[in-house]
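Examining the three-dimensional arrangement
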Amino acid sequence: MDRITAIKSFVEVAHLSSFTKAAERLDLSRLQVTRHVQELEQWLEQRLLHRTTRKVSLTQHGEQALHRFERILDETSALIAESTEGRQTLSGTVRISSPIGFAQNMLVNAVSQFIAQHPNVKIDIHASDSFSNLVEQRIDIALRYTNTPDENLIARRLMVIGACVCASPEYLKKHKAPKKPEALAEHPCLVHLSHDKWRFIKAEQSVEVKVHGPLVCNDVPTLVQAAMNGTGIAWLPYDIARSYITEKKLVPILQNYKIENNQLWAVYLSRSYQSPVVRAFIDFVAALWQEDIVP
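Thresholds, definitions, all that
Residues numbered from 1 in each chain as written. Predicted model: local features only at pLDDT ≥ 70, side-chain atom pairs only at ≥ 80, totals over all residues. Heavy atoms only, no water. Salt bridge = Lys/Arg side-chain N within 4 Å of Asp/Glu carboxyl O. Helix = DSSP H or I, 4+ residues; strand = E, 2+ residues; numbered from the N terminus. Core = buried A, V, L, I, M, F, W, Y, C linked by side-chain atoms within 4.5 Å. Buried < 20%, exposed > 50% of the residue type's maximum accessible area, 1.4 Å probe, protein only. 1 Å grid on protein atoms, 1.4 Å probe; cavity = no way out; pocket = protein on both sides within 12 Å on 5 of 7 lines; lining within 4 Å. Points joined across faces, edges and corners; volume = space filled by probe spheres on them. Nonpolar A, V, L, I, M, F, W, Y, C, P; charged D, E, K, R; others polar. Phe/Tyr/Trp six-rings, centres within 6.5 Å; stacked < 30°, edge-to-face > 60°. Lys NZ or Arg CZ within 6 Å of the ring centre and 35° of its normal.

**Considerations on the pattern of salt bridges**
This structure, assessed with the given rule, holds 7 salt bridges. Asp196 serves as the salt-bridge partner of Lys210, at 2.6 Å between the closest nitrogen and oxygen. Of this pair, Lys210 sits in strand β10 (residues 205–210) while Asp196 sits in the loop between β8 (189–192) and β9 (197–202), placing them 14 residues apart in sequence. Linked by salt bridges that have partners in common, Arg95, Lys122 and Asp124 make up one network.

Next comes the structure, spelled out in structure tokens:
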């Protein structure tokens, strides 16, 4: 029995509470994963999992074994990473999900630099403003704007990204800029499908405004283009908006109010047995994106 492979199978089943999902994650058949766990149980002479038709859960022995097996896999992964450190031998594929605007503005540049250093690496970018399912989509790393990362995932904070409310100079020539957040109700707003309540802070008092307007969509670049077309007012991540503000294509408004910053996280299913190329990419962008992007 390949005990490292069997340990990987057991750890995935324990994390996902499913033989089927573990098999999908490991690119194995469900039967192979089942046999791996059975062989581990025979080897240890202990039952590690409770199995029913609806649920998989750890036994007491399984909980103890999980922590030790995770340490074994961490050490194995670290040993492999150390053995390749400093050499141009990284290879393999990294599947990354990212918000669309961030993928276009920052991620693609980081990927280009990483590939230049490691030409045997392939990067698959899945750009979407919806949160991806890491198991079903076989995502290695998901980049997410959030201040509350999913507790079921491993998360590494990368940087802080602010936000701003903007309109085009042409729009502001035709419409008086709102002085208070409540005045947004009188303006056409460009609304992201997942964000129709805009929150502002002034003197430690918060104001939340439910916005509406002629355009609702699920990606930020569309909102940017609509805002530059003069269609309405948009709430935009500052990493995307700042170049348009610098070029005077967009004008920030309501600057007397603060907008809560978001954090950018790299999230993934497990830190155990990460491939060297996945670990290397996370370390690379963590070093590259050290400076926060705030107004």
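Having seen it, we continue.
**Focus: the nonpolar core**
Side chains of nonpolar character tend, in soluble globular proteins, to be buried together. With 47 residues, the main nonpolar core has Phe102, Leu143 and Trp289 as its most contacted residues. Formed by 19 residues, the second largest nonpolar core is a distinct cluster that contains Val11, Val13, Leu49 and Ala65.

**So, the layout of surface pockets**
Empty space within the largest pocket amounts to approximately 800 Å³. Mapped by element, the contributors of at least two residues to the lining of the largest pocket are β3 (92–98), α5 (100–117), β5 (141–145), β9, α7 (220–228) and β12 (233–237). When the residues that make up the lining of the largest pocket are grouped by side-chain class, the tally is 14 nonpolar, 14 polar and 6 charged.

**Section: the packing of aromatic side chains**
Two aromatic rings are characterised by how far apart their centres lie and by the angle between their planes. Tallied over the entire structure, the rule returns 8 aromatic pairs. Aromatic pair Phe102 and Tyr145: ring centres 6.1 Å apart, planes at 90°, arrangement edge-to-face. In this pair, Phe102 sits in helix α5 while Tyr145 sits in strand β5, placing the two residues 43 residues apart along the sequence. Across the pair, exposure class does not vary: Phe102 and Tyr145 are buried alike. With a centroid separation of 5.1 Å and an interplanar angle of 85°, the aromatic rings of Phe114 and Phe281 are classed as edge-to-face. Here the residue Phe114 occupies a position in helix α5, and Phe281 occupies one in helix α9 (residues 276–288), the gap between them amounting to 167 residues. Judged by relative accessible area, which is 1%, Phe281 ranks as buried. The ring of Phe131 carries the charged tip of Arg144 above its face, separated from the ring centre by 4.3 Å. Over the aromatic face of Tyr257 sits the side chain of Lys202, whose NZ or CZ is 5.0 Å from the ring centroid.

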